[in-house]
Amino acid sequence: MKSWLIHHRAALAAAFRRLWATPLNTLLSLIVIGIALTLPAFGYVALDNLRDLGRNASGVQQISLFMSLEASKKDVGEIESRLRQAPNGKWKFVPKEDALKRMQSSEGMAEIVASLPRNPLPDAFIIEPANTEPEALEILRKEIAGWPKVAHVQLDSAWIKRFDAFLRLGKLALWMLAGLFGAGLVAVTFNTIRLQVMAQSAEIEVARMIGATDGFIRRPFYYFGALQGALGGLLAAALVLAALRLLGGPVGELAALYGGNFSLRPPGIIETLGLATLGAFLGWLGAQLSVSLSLRKLD
């Protein structure tokens, strides 16, 4: 085990030396890898923020429950009891008196409300379910519609379904984009490692003559590809963070114009580490393919 660790440490040190030996080539490769990972990473962050925006938008995840006009306080109390027993979610009761006062305070409605012989508005409940998936909201709407003394249940399910369909389409496009740029990253690493193997072909031949195994020869190239990919992933995370910083101010101003308060959520530590890990894996994959093919030609 000690010998195995020594060999891997030596291979890692050799990979760092190769990166440092040609700083300009390393920088250019990292820029290419960083850009290749930045576009799908930024798409992921944009969809994540868009999902949060949709969930936080006023009324998007609300279900309005309207009681029948003849519903008594006992009937209202029964609905409250059912809502308390429901798992998770929030709700609030809007008495018909409060709804009438709110309507009366609206511009141009005071005279109309004063001319009414009685309050035409029903008691209502505003429900904010914990599960905002379109299917779950529709199931809950149908369940609430069957409760006693419930006259109408309002849910803008069409808007929610359209928004969910848009997010699913965005995810599909993001996976396709990530696949294309991932293949490009593998190709960049493949070509870089191939050139290195060709430049060191004489050293590899000598190493084989004195008994070096293929694993010993391959290991530094694997580490080089993984390191290059991981550094490119970190560069991509930095580029995404910089882009969000630049867009944060205009997005906040736009949200304020619509009476909202929304700020872009930057990628966290887990997302950053995940991006670096993905870059390392793709770099290792490109190195593995390149070294295998190059050594086969040397044979």
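Above this text you will find the structure in question.
The structure displayed is predicted, hence computed values, not measured ones. (Residues numbered from 1 in each chain as written. Predicted model: local features only at pLDDT ≥ 70, side-chain atom pairs only at ≥ 80, totals over all residues. Heavy atoms only, no water.)

Caption draft 1: Layout of the pattern of salt bridges. For the structure shown, the criterion picks out two salt bridges. With its nearest N and O atoms 3.6 Å apart, the salt bridge here joins Arg82 to Glu78. Taken together, the positions of Arg82 and Glu78, both in helix H3 (residues 73–85) and four residues apart, correspond to about one turn of that helix. A salt bridge links Arg84 to Glu80; the shortest N-O distance between them is 3.7 Å. Pair noted here: Arg84 and Glu80 are both in helix H3, with a separation of four residues, about one helical turn. (Salt bridge = Lys/Arg side-chain N within 4 Å of Asp/Glu carboxyl O. Helix = DSSP H or I, 4+ residues; strand = E, 2+ residues; numbered from the N terminus.)

Caption draft 2: Just H3, in detail. The first and last C-alpha atoms of H3 sit 18 Å apart over 13 residues, in line with the 18 Å expected at 1.5 Å per residue. Within H3 the residues assigned to the buried category are Asp75, Val76, Ile79, Glu80 and Leu83. Seen from one end, H3 has its buried residues packed into an arc of 145°, which puts them on one side. Counted as exposed and oriented over 90 degrees from the buried face of H3: Lys74, Arg84 and Gln85. (Expected span 1.5 Å × (residues − 1). Buried < 20%, exposed > 50% of the residue type's maximum accessible area, 1.4 Å probe, protein only. Arc of directions from axis to C-beta.)

Caption draft 3: The side chain of Thr189, seen in detail. Within the secondary structure, Thr189 is located in helix H7 (residues 157–199). Residue classification places Thr189 among the buried positions, given a relative accessible area of 0%.

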